[in-house]
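# Structural overview
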Amino acid sequence: MKKTVLAGIGLVSLLMLGACGSKDSASDDNMKHVGVLQLVQHASLDNAYTGFKEGLAEGGYKEGDNLKIDYQNAQNNQDNLKSMSEKLINDDPDLLLGIATPAAQSLLNATTDVPITVTAVTDLKEAKLVKSVKEPGGNVTGTTDMVPINKQIDLLLSIVPDAKTIGIMYNAGEANSKIQADLAEKTLKKAGVDVKVKTANTTNDVQQVTESLASDVDGIYVPTDNTFASAAAVIGDVVKEKKIPLVAGATEQINEGGLATVGIDYEALGKQTGKMAAKILDGDAKPADTPVESADTLKLVVNKDMAKALGIDPDSIKEPK
């Protein structure tokens, strides 16, 4: 009798374990795996990642429920980009996100099969990530952070209307930055203003470059450059001491030490990307025929503390028409 009872208990236990195992398996089947590769840590890219998760959540994918995210940050190291890309691919993800151009390119170099979304990339076609903006044609799509450079230059010139020379700073090694810097230089020269350009390859060089340039110009423009964004606070200290207005490509850099800009909300841009990714995960869209999107909204951002430190009335800074 005891043997019969024990056998019965054992059978029930096995059935319960089997049921639990089936439930876990079903849960695993419903779980989507997304790999994320971010170039470097600074406010703009961090906000884009935050927005991406918000967009996924709105699309029905919430981390911890039916979504697993493997996040990797390369800290602006090329070797890290390669090894982290390979790690993410080896984990068999359903979708990948590349934040900033080098991260996006590294992922594409690692796979042409897994769907890739990208954000904080200035020109996807120039970066050879897509065949065209309207018809990407491969396994990559996403959002561009091309800023309204004409508006940003107009804003700077409205703040220093008598400027004779404007400085531009960027990392020449960042393709996105060079595209923007060249456009800014062209716009300034068309306005009859002399231009001085200085570059820095690492954040260690940024302070010296900023001090040198600020001594020779009436205002400074910085595109959405990852190297300079990573040193935004250092730049802010220099321009405040030198009393030089600085307009930057990214709104986050203004908050950390610039004067003003008309720029992109990177969290909102990331959110757009997350919504695109959710449709791909649903099976309702494919990167090949999902057009690249631009920012839905732009906003004027003014650092009032910086304005006061420079002797400028913050309310006098208006968005150019």
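A brief report on the enclosed structure follows. Owing to the predicted nature of the structure, the values given are computational and were not obtained by experimental measurement. Sequence order sets the numbering: in each chain, residues are counted from 1 along the sequence as written. In view of the model being predicted, local features appear only for residues whose pLDDT reaches at least 70, and side-chain atom pairs are presented and counted only at 80 or more, with totals across whole chains, interfaces and linings using the full set of residues. Side-chain metrics rest on all non-hydrogen atoms present in the structure, leaving aside hydrogens and water.

### Examining the overall build of the chain
Here a helix means four or more residues in a row that DSSP labels H or I, a strand means two or more in a row labelled E, and each is numbered from the N terminus. Along the chain, the regular secondary structure elements total 12 helices and 11 strands. With the principal axes as the frame, the chain shows a C-alpha extent of 100 × 40 × 35 Å. For every residue, the accessible area obtained with a 1.4 Å probe (protein chains only) is divided by the maximum for its type, and the residue is called buried under 20%, exposed over 50%, and partly exposed between those limits. Counting over 321 residues, the chain shows a buried share of 50%. The long-range fraction of contacts in the chain, counting pairs at least 24 apart against all pairs at least 6 apart in sequence, stands at 72%. Methods summary: accessible areas were calculated by the Shrake-Rupley approach with a probe of 1.4 Å, and residue burial reflects only the protein chains presented. With the model as given, the accessible surface of the chain reaches about 15400 Å², and the carbon-plus-sulfur share is 48%. Neither His nor the chain termini are counted; the positive set is Lys and Arg, and the negative set is Asp and Glu. One atom stands in for each charge, and that atom is NZ of Lys, CZ of Arg, CG of Asp or CD of Glu. Both charge centroids of the chain, one from 33 positive and one from 45 negative side chains, sit 2 Å from each other. The contact definition used throughout considers only heavy atoms, calling two residues in contact when any of these lie within 4.5 Å.

### Topic: the packing of aromatic side chains
Centres within 6.5 Å are what make two rings of Phe, Tyr or Trp a pair, Trp counting through its six-membered ring; a difference in plane orientation under 30 degrees is then read as stacked, over 60 as edge-to-face, and the rest as tilted. Per the counting criterion, the structure on display carries 1 aromatic pair. An angle of 25° between the planes, with centres 4.6 Å apart, marks the rings of Y49 and Y71 as stacked. Taken together, the positions of Y49 in helix 2 (residues 43-58) and Y71 in strand 2 (residues 67-73) put the pair 22 residues apart, joining distant regions of the chain.

### Details of the sheet that holds strand 2
Being paired, for any two strands, means DSSP has found at least two bridges between them. Ordered in space as 2-1-3-4-5, the 5 strands form an open sheet in which the pairing is parallel. Lying at the two open borders of the sheet, with one neighbouring strand each, are strand 2 and strand 5 (140-144). Taking each pair of neighbouring strands and ignoring which way they run, the sheet shows an average axis angle of 20°. In this structure, strand 1 (residues 32-38) lies alongside strand 3 (residues 95-99), joined through 5 bridges in parallel fashion. Looking at the pairing, L37 lines up with G98 of strand 3. Only C-alpha atoms enter the line fits that serve as axes; for helices the fit covers just the stretch in contact. Angles between N-to-C directions range over 0 to 180 degrees.

### Description of the environment of A172
Looking at the element boundaries, A172 is found in the loop between strand 6 (165-170) and helix 6 (175-190). In this structure, the C-alpha to C-alpha distance between A172 and E319, residues 147 residues apart in sequence, is 29 Å.

### Section: the packing of helix 3 (residues 78-90) against helix 4 (residues 101-110)
Contact pair helix 3 / helix 4: the axes reach a minimum separation of 9 Å and the direction vectors enclose 50°. Classified by the angle between their axes, helix 3 and helix 4 sit oblique to one another. The way helix 3 lies across helix 4 gives a crossing that is right-handed. Of the residues in helix 4, those in contact with Q78, L81, K82, S85, L88 and I89 of helix 3 are P102, A103, S106, L107 and A110. For the contact of helix 3 with helix 4, a count of residues per class yields 7 nonpolar, 3 polar and 1 charged. Orientation labels follow simple angle bins: below 35 degrees gives roughly parallel, above 145 gives roughly antiparallel, 65 to 115 gives roughly perpendicular, and whatever is left gives oblique. For a crossing to be left-handed, the near helix must be turned anticlockwise from the far one by less than a right angle; the clockwise case is right-handed. When residue character is reported, Ala, Val, Leu, Ile, Met, Phe, Trp, Tyr, Cys and Pro are called nonpolar, Asp, Glu, Lys and Arg charged, and the others, Gly included, polar.

### Points about the environment of E241
Summarising the element assignment, E241 is placed in helix 9 (residues 232-242). In this structure E241 comes out as exposed when scored by relative accessible area, which is 65%. A sequence separation of 152 residues divides E241 from I89, and the C-alpha atoms of the two residues are 47 Å apart.

### Let's talk about the pattern of salt bridges
Salt bridges are defined as contacts in which a side-chain nitrogen from Lys or Arg sits within 4 Å of a carboxyl oxygen from Asp or Glu. Using the criterion set out here, one finds 10 salt bridges in the structure. E185 is the salt-bridge partner of K189, the closest N and O atoms lying 3.1 Å from each other. Of this pair, K189 and E185 both sit in helix 6, separated by 4 residues, roughly a single helical turn. One continuous salt-bridge network, built from bridges that share partners, spans E58, K271 and K275.

### Comments concerning the environment of A57
Along the chain, A57 falls in helix 2. With a relative accessible area of 40%, A57 lands in the partly exposed category.

### Some remarks on the packing of helix 5 (residues 149-159) against helix 6
Where helix 5 contacts helix 6, the two axes come as close as 10 Å, and the packing angle between them is 50°. As the angle between them shows, helix 5 and helix 6 are arranged oblique. Between helix 5 and helix 6 the crossing geometry is right-handed. In this structure, helix 5 uses I149, N150, I153 and L157 to contact helix 6, whose residues at the interface are Q180, L183, A184, T187 and L188. Its residues placed into classes, the contact of helix 5 with helix 6 shows 6 nonpolar, 3 polar and no charged.

### Digging into the pairing of strand 8 (residues 219-222)
Burial along strand 8 is two-sided: G219 and Y221 facing one way and I220 and V222 facing the other are all buried. Looking at chain direction, strand 6 and strand 8 are connected through 3 bridges and run parallel. Each residue of the ladder has a partner; that of I168, found in strand 8, is Y221.

### Structural notes on helix 11 (residues 266-282)
Given the number of residues in a helix, its expected span is that number minus one, multiplied by 1.5 Å. With 17 residues, helix 11 extends 24 Å from end C-alpha to end C-alpha; this agrees with the ideal 24 Å at 1.5 Å per step. Taken as a whole, helix 11 has its buried residues at Y266, L269, G270, Q272, T273, G274, M276, A277, A278, I280 and L281. Taken from the residues just after helix 11, G283 is the one with a positive phi, measuring 90°.

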